[in-house]
Amino acid sequence: MKRAISVPTLLALFLCAACVTINVYFPAAAAEKAADRIIDDVWDKDTPRPGGTVVPPQSSLPSRFLVAALDFVISPAHAAQPDIDISSPEVQRVKASLEARFSSLKPYFDSGAVGLTGDGLVAVRDPNAVPLAQRNAVKALVADENRDRLALYQQIANANGQPQWAGQIQSVFAQRWVAKAQPGWWYQDSSGWKQK
Amino acid sequence: MQKLAVLSLAGLGAIAPRAPAQEITVNVGSVAGPTWRADNVTLTYLSPSALRLDVATVQWAGRVAATKLQAHCSTRFVATELRCERGRFSATIPGWGRLQGTLEGAFGNAESWRARLEVPRHGLLATLQQSAADMNLAVRVHGQKAEDLRKLAAAFGQAMPGEFAGNVDLTLRATLGPATTTATLVIDTRSLSYQEPSGRYAAENLAAHGRARWDSGPQRWTVQAQGRGGQVYAEPLFLDFSALPTTAELVALDSKDHWRIEGLHLRQGTAGTLAATGLISKAGLRLESAELAFDASALAPLFATDVQPFLIGTPLDGLTAQGTARGSVSLRSGSLTALTAELSGVALSAGRLGLAVDGLSGQVRWANTGPAPSSLQWRAGSIGRIPLGPSEVSFRAQGRDLELLAPWRQPLLEGAVHVQRLALSKVGLPQLDADFRAVLEPIDLAALCRALDWPVFGGTLGGQLPGLRVQNEVWSIDGALEAQVFDGTVRLENLRAIEPFGVLPRVAADAHMRRIDLETLTGTFSFGRITGRLDGDVEGLRLLEWKPVAFDARFHSTPGDHSRRRISQRAIDNISAIGGGPTGLLSRGFLSIFKDFSYDRMGISCVLRDGRCRMDGIEPAPPHDGQVGYYLVKGRLLPRIDVVGYTREVSWDTLVQQVEAAIASGGPQTQ
């Protein structure tokens, strides 16, 4: 027996279909560009680049038609494509601190005493490459650098109103520090230390 | 068997003088003692008066100690002794290779014999003497390469990873009796260097003397060591013996499960001493208990050497100390259980926290259980750039709790913080809880401004601080501070210290200004004269390194105020300049005859975010050249002067520079 669907049922189905979930995705590409900009400034003080926000790439949605149809039914909330803002005073302050430390840290990157870890930090890789009297100073440099780096990741997340992004920003930075490392520097991946 | 004998003879030919044909060979087979064993032992008597010994392998404690041991000497009887003279021996020692040397000995009976071996090339001299039941052993190895000793130790299963360079003198003396054994080992190094692969231990040019004595009766070790020069790194400690020669004496008893430290005495130059007793469990070398007493006559080098390395990576990294201190420390199961310290003329500086204190004296007592009262006095100090006056505090510290025993008054900037109650619990944990009540006795704002490198203005700041809450690394202070400035009031509320011990310590507050007398304010800053009253609200003020980095600020003429409102040419010029406009317009035309003008209202607002200030005025102004502006000053009466701003966004740094320039400039001159 065939029965027509009643109007209330149709309405209920429609309303269910109109339930909207807003997913805020981590803007990985924008974060990568932001990371590159910061890393360039920290590691290459001779060619400073203007700071500011990063224009993220356009999103590629699976079906423009579906979106158009949905937009017709439900007026879309115009959420801007998320940028990664690195202009907050806290981010700039930590960045300045990283820049200031780099000249002290660079000789140890060059000698292989200090390397880049897989989680966006630095570590003493070969203490024997450091004279005894300087070993604790290098440990302190590394500890300070890591405190600043962790603060940087958290402050970038905070500046973008998404404190929970700190971990993802750290992962993006981890890749970018390694990608931008100078030849001869050491970095750590899942299989251990490697020289670039 | 015959073949073997022939081979042995051939081997003998290398070290033994040609002997006549007559000989007697005795194959002893194996000979063993409690800790050693010799296999394939052959004794050959060569006429007329020579003896030869061949041993295939000698084992010591189950390991091969020597192979191809050959000894040869001429013999003669003196009284009842058989003497071995002008002898030679050779042996292959694992890790050392082939050794050749001279041999002498005398044999009376099993309880009376002696032997002397010398290997000049290796600086080795060994003597063995059996008298009655005791055997005396002396081995001296001088000028030995440390690397060779390491190889030798490795061959005997005493692996010591790493690389050595330099020479070592070793002397071992031992008396082995049927019941007891005593042994003394003396080590001297002159320029020993060592690198352990992990980098956790290392030495450079180490000049040291060590003496260790072992008594098997009471199972006691007595160790004396002197670091005379060079450097040692034992993570995280870096000891520079050239700068701070160090001596250590240790008496320890070895029991089945434990090492009992009967006494450890450490002396670091003339800077200080440490004495300790303790119990160490052999399982995992766990410290079960220890009592330490220290006496530091010069804290600076001791602190740098012994304490600072343990603070790396903490907010106290970089802490320095000077002065003298003595005290004691108790440890149980690896944890601190009690601490006392008596300080005298101590200067502490924790640069990272911006804290410093000078002329610190008193007693500090802390215990894990049980109340322990402490009292401290200091002559001066500072928090950040704010100087602190002399003060004293008495408190009780127990476990993770700390409580003031009496109200504490800390003078600063001609006023004081009067802490009436302070009790902290769970210090060092995220659940830190604070019970705090304090009064800020009016402090001098001019002094505060100078300390913080702000533009200097007078007045006082005081208030009640009835509470403190700590959550997520934000320390929120209840209550408000009120400043009496420029004949008006500034009220600071919602005071917060954000991550005060982190990388980015920040201060946040809301500020409300009421009835500020502009004449006094502008007079203070030589900005140009303005009369009238000003109200202002600065919400969400955030200071990073005492510089504002965010706020929503709004200033405007006090509503309902009927005081005379006049503004001078120069002030108008300066306000115009701050708004990005021209200066000096009024000084050129007929308006230059007026010194000041009447105004209806004035005001400015600024929302500071990320280094940019979004500006506005008191109300929108009519469009001009298609641009909508805002009134900064709305004039009144004639000649009416309005100041209208059009710039909506300006860099904060630029704005600050413009204000500073306006204050610094002499202002336009009226001709």
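Residues numbered from 1 in each chain as written. Chains lettered and ligands numbered in written order. Predicted model: local features only at pLDDT ≥ 70, side-chain atom pairs only at ≥ 80, totals over all residues. Heavy atoms only, no water.

1. Quick word on the overall build of chain A
Then comes step 1: Secondary structure summary: chain A contains six helices and four strands in total.
Then comes step 2: Reading the secondary structure of chain A in the N-to-C direction produces α-α-α-α-β-β-α-α-β-β.
Then comes step 3: With 196 residues in all, chain A has 41% of them scored as buried. (Helix = DSSP H or I, 4+ residues; strand = E, 2+ residues; numbered from the N terminus. Buried < 20%, exposed > 50% of the residue type's maximum accessible area, 1.4 Å probe, protein only.)

2. Focus on the packing of aromatic side chains
Then comes step 1: Here the structure, examined in full by the defined rule, presents 17 aromatic pairs over all chains.
Then comes step 2: For the pair B:Trp475 and B:Phe501, a centre-to-centre distance of 5.9 Å together with 85 degrees between the ring planes defines the contact as edge-to-face. With a gap of 26 residues between them, B:Trp475 in strand 33 (residues 474–477) and B:Phe501 in the loop between strand 35 (488–498) and strand 36 (506–517) connect regions that are remote in the sequence.
Then comes step 3: Ring pairing ties together the aromatic residues A:Trp43, A:Phe102, A:Phe109, A:Tyr153, A:Phe173, A:Trp177 and A:Trp185, which thus form one cluster.
Then comes step 4: The ring of A:Trp186 carries the charged tip of A:Arg125 above its face, separated from the ring centre by 3.6 Å.
Then comes step 5: The aromatic ring of B:Tyr631 is capped on one face by B:Lys634, whose charged end is 5.2 Å from the ring centroid. (Phe/Tyr/Trp six-rings, centres within 6.5 Å; stacked < 30°, edge-to-face > 60°. Lys NZ or Arg CZ within 6 Å of the ring centre and 35° of its normal.)

3. Remarks on the interface of chain A and chain B
Then comes step 1: Listed per partner, the contact involves 21 residues of chain A and 32 residues of chain B.
Then comes step 2: Contact with chain B buries area across many residues of chain A, yet A:Asn128, A:Leu132 and A:Arg147 alone supply 31% of it, more than any other trio.
Then comes step 3: In this structure, the connection of chain A to chain B is made through four salt bridges.
Then comes step 4: A salt bridge links A:Glu90 to B:Arg542; the shortest N-O distance between them is 2.8 Å.
Then comes step 5: One can count 10 residue pairs in polar contact (both at pLDDT 80 or more) joining chain A with chain B.
Then comes step 6: Those elements that place two or more of their residues in the side of chain A that touches chain B are helix 4 (89–111) and helix 5 (135–159) of chain A.
Then comes step 7: Ranked by residue count, the leading element in the side of chain A that touches chain B is helix 5 of chain A, at 10 residues.
Then comes step 8: Residues that form the side of chain A that touches chain B fall into these classes: eight nonpolar, five polar and eight charged. (Contact = heavy atoms within 4.5 Å. Buried area = accessible area lost by both parts, 1.4 Å probe. Salt bridge = Lys/Arg side-chain N within 4 Å of Asp/Glu carboxyl O. Polar contact = N/O pair within 3.5 Å; in protein donor to acceptor, adjacent residues only side chain to side chain. Nonpolar A, V, L, I, M, F, W, Y, C, P; charged D, E, K, R; others polar.)

4. Describing the pattern of salt bridges
Then comes step 1: For the structure on display, the rule yields 52 salt bridges over all chains.
Then comes step 2: Here the salt bridges do not stand alone but share partners, grouping A:Glu90, B:Glu499, B:Arg506 and B:Arg542 into one network.

5. Considerations on the confidence of the model for chain A
Caution is warranted with low-pLDDT regions, since their predicted coordinates should not be read in detail.
Then comes step 1: Residues at a pLDDT of 70 or more form 68% of chain A, whose mean pLDDT is 80.
Then comes step 2: Model confidence for chain A, summarised as mean pLDDT per element, is weakest for helix 3 (residues 64–73) of chain A at 47 and strongest for strand 1 (residues 114–116) of chain A at 97. (pLDDT = per-residue confidence, 0-100.)

6. Description of the state of the cysteines
Two cysteines joined by a covalent bond between their sulfur atoms form a disulfide.
Residue and element names in this part refer to chain B.
Then comes step 1: A full pass over the atoms with the stated rule returns two disulfides over all chains.
Then comes step 2: Each disulfide pairs two cysteine sulfurs, and for Cys73 the partner residue is Cys84, the sulfurs being separated by 1.9 Å. Around the S-S axis, the bridge from Cys73 to Cys84 shows a dihedral of about -135 degrees and counts as left-handed. Residue Cys73 is found in strand 4 (residues 63–78), and its partner Cys84 is found in strand 5 (residues 81–93); the two are separated by 11 residues along the sequence.
Then comes step 3: Cys606 shares a disulfide with Cys613; S-S distance 2.1 Å. No difference in accessibility class separates Cys606 from Cys613, as the two residues are buried.
Then comes step 4: Numbered by position along the chain, the disulfide-linked cysteines of chain B connect as 1-2, 3-4.
Then comes step 5: Distance from the sulfur of Cys449, which forms no disulfide, to the nearest cysteine sulfur (Cys606) is 19 Å.
Then comes step 6: On the basis of relative accessible area, Cys449 is assigned to the buried category, the value being 1%. (Disulfide = S-S within 2.5 Å.)

7. A look at the environment of B:Ser476
Residue and element names in this part refer to chain B.
Then comes step 1: Here Ser476 lies in strand 33.
Then comes step 2: Separated by 22 residues in the primary sequence, Ser476 and Ile498 have C-alpha atoms spaced 8.3 Å apart.
Then comes step 3: Among residues more than four places away in sequence, those in contact with Ser476 are Gly467, Leu468, Arg469, Leu495 and Arg496.

8. A few points about unusual backbone geometry
All names here are of chain B.
Then comes step 1: A cis amide bond links Glu235 to the next residue, Pro236, at an omega of 0 degrees.
Then comes step 2: Along the chain, the position of Pro236 falls in the loop between strand 14 (220–234) and strand 15 (237–240).
Then comes step 3: Phi is positive for Asn40, close to 55 degrees, though the residue is something other than glycine.
Then comes step 4: Residue placement: Asn40 occurs in strand 2 (residues 36–46).
Then comes step 5: Backbone geometry places Trp546, a non-glycine residue, at a positive phi of 60 degrees.
Then comes step 6: Within the secondary structure, Trp546 is located in the loop between strand 37 (533–544) and strand 38 (547–557).

9. Overview of a nonpolar patch on the surface
Residue and element names in this part refer to chain B.
Then comes step 1: A surface patch of nonpolar side chains, amounting to about 690 Å² of accessible area, comprises Ile24, Val26, Val28, Val31, Trp36, Leu43, Tyr45 and Trp60.
Then comes step 2: Breaking the nonpolar patch down by element, the ones donating at least two residues are strand 1 (23–32) and strand 2.
Then comes step 3: Note that Tyr45 resides in strand 2.
Then comes step 4: Look at Tyr45 and you get partly exposed, because its relative accessible area is 31%. (Patch = residues over 30% accessible without salt bridge, like charges linked within 9 Å, V, L, I, M, F, W, Y side chains within 5 Å. Areas by Shrake-Rupley, 256 points an atom, 1.4 Å probe, with all protein chains shown as cover.)

10. Remarks on the pairing of strand 1 of chain B
Residue and element names in this part refer to chain B.
Then comes step 1: Strand direction decides the pairing type here: strand 1 and strand 2, joined by eight bridges, are antiparallel. Each residue of the ladder has a partner; that of Gly29, found in strand 2, is Val41.
Then comes step 2: Between the end of strand 1 and the start of strand 2, which pair antiparallel, lie three residues. (Pairing = 2+ DSSP bridges.)

11. Description of helix 5 of chain A
All names here are of chain A.
Then comes step 1: Under the 1.5 Å per step criterion, the end-to-end length of helix 5 is 36 Å for 25 residues, consistent within 8% with the ideal 36 Å.
Then comes step 2: With 19 of 25 residues buried, helix 5 lies mostly within the body of the structure.
Then comes step 3: Backbone geometry just downstream of helix 5 places Gly161 in the positive-phi region, at approximately 70 degrees. (Expected span 1.5 Å × (residues − 1).)

12. A short note on the packing of helix 2 (residues 28–43) of chain A against helix 4 of chain A
All names here are of chain A.
Then comes step 1: Packing of helix 2 against helix 4 leaves a shortest axis separation of 8 Å and a crossing angle of 50 degrees. Considering their axes alone, helix 2 and helix 4 lie oblique with respect to each other. Taken as a pair, helix 2 and helix 4 cross one another with a handedness that is right-handed. Where helix 2 approaches helix 4, its residues Ile38, Asp41, Val42 and Trp43 are matched on the opposing element by Val91, Lys95, Leu98, Glu99, Phe102 and Phe109. (Axes fitted to C-alpha atoms, helices over the stretch in contact; angles between N-to-C directions. Parallel < 35°, antiparallel > 145°, perpendicular 65-115°, else oblique. Left-handed = near helix turned anticlockwise from the far one by under 90°.)

13. A look at the environment of B:Val419
Residue and element names in this part refer to chain B.
Then comes step 1: Looking at the element boundaries, Val419 is found in strand 29 (residues 415–425).
Then comes step 2: Between the C-alpha atom of Val419 and that of Trp408, which follows or precedes it by 11 residues, the distance is 5.1 Å.
Then comes step 3: Once residues lying within four places of it in the same chain are set aside, the contact partners of Val419 are Leu404, Pro407, Trp408, Phe436, Arg437 and Ala438.

14. Looking at the environment of B:Gly323
Residue and element names in this part refer to chain B.
Then comes step 1: With respect to the helices and strands, the residue Gly323 is situated in strand 20 (residues 320–332).
Then comes step 2: Accessibility expressed as a relative area gives 22% for Gly323, which makes it partly exposed.
Then comes step 3: Separated by 288 residues in the primary sequence, Gly323 and Thr35 have C-alpha atoms spaced 55 Å apart.
Then comes step 4: When neighbours within four sequence positions are excluded, Gly323 is seen to be in contact with Ala296, Ser297, Ala298, Leu299, Ser344, Gly345 and Val346.

15. Some words on the side chain of B:Thr44
Then comes step 1: Here B:Thr44 is to be found in strand 2.
Then comes step 2: Beyond its immediate sequence surroundings of up to four residues, B:Thr44 is in contact with B:Glu23, B:Ile24, B:Thr25, B:Ala50, B:Leu51 and B:Arg52.

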